[in-house]
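# Topology and contacts: notes
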Amino acid sequence: MLRKPPFRSLSTKAAALAVCAVAGLLAAACSSGGGSSASGSGPGASASPAADSWLSITPASGDKAAQPGDGITVTAAKGKLGHVSASSGGTPVAGTMNSAGTQWHSTWALSVSASYSVTASATAPGAKPVTKTSAFTTLSPKSTFQTQIFEGAGQSYGVGMPIMLKFSEPIANKAAVEQSLQLTTSQPVVGSWYWDGDQELNFRPRQYWPAHTTVSFTGHLDGVEAGPGLYGAHTLTQTFTIGDSLIVVASTANHHMNLYRNGALFRSWPISTGKPGDNTPNGTYVTIEKGNPVLMTGPGYKLEVPWSVRFTFSGDYLHDAFWSVGEQGFTNVSHGCINMPPADAEEYYKLAVPGDPVTVTGSPRAGVWDNGWTEWFKAWPDYLSGSALHEAVMAGPSGSQFVSPSVVPAPTGAAPLAAPADNNATA
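Cut-offs and rules
Residues numbered from 1 in each chain as written. Predicted model: local features only at pLDDT ≥ 70, side-chain atom pairs only at ≥ 80, totals over all residues. Heavy atoms only, no water. Helix = DSSP H or I, 4+ residues; strand = E, 2+ residues; numbered from the N terminus. Buried < 20%, exposed > 50% of the residue type's maximum accessible area, 1.4 Å probe, protein only. Contact = heavy atoms within 4.5 Å. Areas by Shrake-Rupley, 256 points an atom, 1.4 Å probe, with all protein chains shown as cover. Pairing = 2+ DSSP bridges. Salt bridge = Lys/Arg side-chain N within 4 Å of Asp/Glu carboxyl O. Arc of directions from axis to C-beta.

### Section: the overall build of the chain
Counting secondary structure elements, the chain contains four helices and 32 strands. Counting all 427 residues of the chain, 51% fall into the buried class. Sequence separation of at least 24 residues holds for 70% of the intrachain contacts in the chain that already meet a minimum separation of 6. By element, 54% of the accessible surface of the chain is carried by carbon and sulfur atoms, the whole surface being about 17300 Å².

Printed below as a string of structure tokens:
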């Protein structure tokens, strides 16, 4: 399902949906050492029949419909590779050499409908250095897909914020799409991707994001075959930040909420939640948007409500309820929202950003998956099961890698500051 728009307090709603449709390759280093290299002008620098027999480049020169997902492979059947360079339109192609120095392979899928040139040199005992080239073109697909990312460039989000991707077409080869995604985080993060249907893919850390983390996302989707004949035709990038940790835990049973800020209890306020029949649903949500005021309508009422912060799509807010101050802290009288004293609601509103966790406890009503950004409803093993690769993601300043969940370090911290309790949406 398509997500709701971001906070109205952001500079523009359009900033929340960023899509890059430029067909090209991520610029990166493209050469690898190991052995000597040949220049293009010395003896043995051009390809020879002898070189053809033990130095190979795939795709072969002249190929007009190379498979982008196969990438580029350079192999020395004897001896070792020296210098390998590959580019398209002047943009280098990233690649890695194996430990033996005998094979080089490009890192990501190649762009569709693009021309490439490759030059490789190699040496072998008792033989002259040789150089070989290849020039080829990748296929032009019949169908392509586009991808949107919810997070806006340079925006700041709460510690519970999921990374949310939306695809223009249903994705069949989910594993290939996951493998094309890379995260770089200024602080170490362990998380997982989760498929919510065939057109939505979200990332959530195992525990809340560390406060003040910079997150850079790159989707190397250009050339990824997501289904029969369906290819990505763009590389998607975005950078955003995680701000302060601001966590609400609201009890419908004792009619109070605790507000934690950057790891410590910051405020404890009286509240009134949904009355019987309109019970506020349990679960750990994250804030979606806010407004001052928000026009709220329902059976028998229509009014503009100040200092309102939304956490479900169906219309549950934390908000100023000046009309129910006498009941706050004692009984539940709302239509499902969390009623707050005016000064407390204003203070919370001014601190809140999209993605701040809000946990509701003690209700006889269970939370509903996808009624809001509900990634935190699921315990970590259940969230992992939603990945096509069934692998965890370990990210840090050097990038990310997929790893077996069994090798992930044990989590630190406990609910409610590090992460919510498991099964938090049950009644």
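### Re the side chain of Thr273
Looking at where Thr273 falls in the secondary structure, it is placed in the loop between β22 (264-270) and β23 (283-286). Overall, the relative accessible area of 1% leaves Thr273 in the buried class. Once residues lying within four places of it in the same chain are set aside, the contact partners of Thr273 are Thr252, Thr280, Asn332, Val333, Ser334, Cys337 and Ile338.

### Brief notes about the sheet that holds strand β13 (residues 181-185)
With mixed pairing, four strands are arranged side by side in an open sheet as β11-β19-β16-β13. Where the open sheet ends on each side, the last strands, each with one partner, are β11 (156-157) and β13.

### Observations regarding the pattern of salt bridges
This model, assessed by the stated rule, comprises five salt bridges. Among the salt bridges present, the one from Arg267 reaches Glu347, with a minimum N-O distance of 2.9 Å. With Arg267 in strand β22 and Glu347 in helix α3 (residues 342-351), this residue pair connects regions lying 80 residues apart in the sequence. For Arg267, a relative accessible area of 32% translates into the label partly exposed. Glu347 sits in the partly exposed class, given a relative accessible area of 25%. Note that Glu289 and Arg310 form a salt bridge whose closest N and O atoms lie 3.0 Å from each other. Placement of Glu289 in strand β24 (residues 289-291) and of Arg310 in strand β27 (residues 308-310) is noted, with a sequence separation of 21 residues between them. Each member of the pair, Glu289 as well as Arg310, carries the same accessibility label: buried.

### Looking at α3
Every buried residue belonging to α3 is among Asp344, Ala345, Tyr348 and Tyr349, and all of these are buried. Here the buried residues of α3 occupy an arc of 130° about the axis, which is enough to place them on one side. Residues Ala343 and Lys350 are exposed on α3 and point more than 90 degrees away from its buried face.

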